[in-house]
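Here's the letter readout for the chains.
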Amino acid sequence: MDLRQVREELNLTQKGIAETLGIGLTTWKNYESAKRKPPKEIVEKVECLLRDYRESRDHEMDTGDTYDEEDIKEYLLSALEEKGALKPVFVDLVNLYMQMWKTSLELERDIE
């Protein structure tokens, strides 16, 4: 598994994925550069993140469903809560993501 490629598919920075996994940034960088082999539990967490991301993306593409800001934020927060990770740092990341999502929509409208 190419950890850099997975991280980029998830649209996460190295810092973002390290925080999501609950590990240090240097630790993640060592895994990504293959200086250290990640333990089985980290590999499983990364695989789970990727599977959840792909299922969500595929569902949206299959159903043509569109979601508004509140739907997305509620989904992300409930997913964190379900995994026992509803911590301030992750809530902050969700809020930051929502700000970037709104900016992205505005840019798309401007380009059109």
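For the structure given in this document, a descriptive report is provided here. (Residues numbered from 1 in each chain as written. Predicted model: local features only at pLDDT ≥ 70, side-chain atom pairs only at ≥ 80, totals over all residues. Heavy atoms only, no water.)

Nonpolar side chains collect at one region of the surface, where L96, Y97 and M100 lie side by side and expose about 290 Å² of accessible area between them. For Y97, the position within the fold is in helix α6 (residues 88-111). By relative accessible area, Y97 is classed as partly exposed at 39%. (Patch = residues over 30% accessible without salt bridge, like charges linked within 9 Å, V, L, I, M, F, W, Y side chains within 5 Å. Areas by Shrake-Rupley, 256 points an atom, 1.4 Å probe, with all protein chains shown as cover. Salt bridge = Lys/Arg side-chain N within 4 Å of Asp/Glu carboxyl O. Helix = DSSP H or I, 4+ residues; strand = E, 2+ residues; numbered from the N terminus. Buried < 20%, exposed > 50% of the residue type's maximum accessible area, 1.4 Å probe, protein only.)

A general tendency of soluble globular proteins is for nonpolar side chains to be buried together. In terms of nonpolar packing, the biggest core is built from eleven residues, these being L3, V6, L10, I17, A18, L21, W28, Y31, I42, V46 and L50. The set of elements that each furnish at least two residues to this core consists of α1 (3-9), α2 (14-21), α3 (25-32) and α4 (40-63). Setting aside residues up to four positions removed in sequence, Y31 forms contacts with L3, I23, R36, K37, P38, P39 and I42. (Core = buried A, V, L, I, M, F, W, Y, C linked by side-chain atoms within 4.5 Å. Contact = heavy atoms within 4.5 Å.)

Looking now at the pattern of salt bridges. All chains considered together, the criterion is met by six salt bridges. Across the salt bridge formed by R7 and E32, the nearest N and O atoms sit 2.6 Å from each other. Here R7 is found in helix α1, whereas its partner E32 is found in helix α3, with 25 residues between them in sequence.

Quick look at the environment of K83 now. By secondary structure assignment, the location of K83 is in the loop between α5 (69-82) and α6. Once the C-alpha coordinates of K83 and M1 are considered, the two residues, 82 residues apart in sequence, prove to be 23 Å apart.

Our focus in this paragraph is α3. Along α3, the positions that sit buried rather than exposed are W28, N30, Y31 and E32. Two residues or fewer past α3, A34 is found with a positive phi of approximately 65 degrees.

The next thing to look at is α6. If you check α6, its first and last C-alpha atoms are 35 Å apart, about what 24 residues at 1.5 Å a residue would give, namely 34 Å. If you check which residues of α6 are buried, you get F90, V94, M98 and W101. Turning to α6, the residues buried within the fold contact α2 and α5. (Expected span 1.5 Å × (residues − 1).)

Direction vectors running N to C along α2 and α3 enclose 110 degrees, while the axes themselves pass 9 Å from each other. Taken together, the axes of α2 and α3 lie roughly perpendicular to each other. Along its contact with α2, which presents Q14, K15, I17, A18 and L21, the element α3 presents L25, W28, K29 and E32. Each residue belonging to the contact of α2 with α3 can be placed in one class, and the counts come to five nonpolar, one polar and three charged. (Axes fitted to C-alpha atoms, helices over the stretch in contact; angles between N-to-C directions. Parallel < 35°, antiparallel > 145°, perpendicular 65-115°, else oblique. Nonpolar A, V, L, I, M, F, W, Y, C, P; charged D, E, K, R; others polar.)

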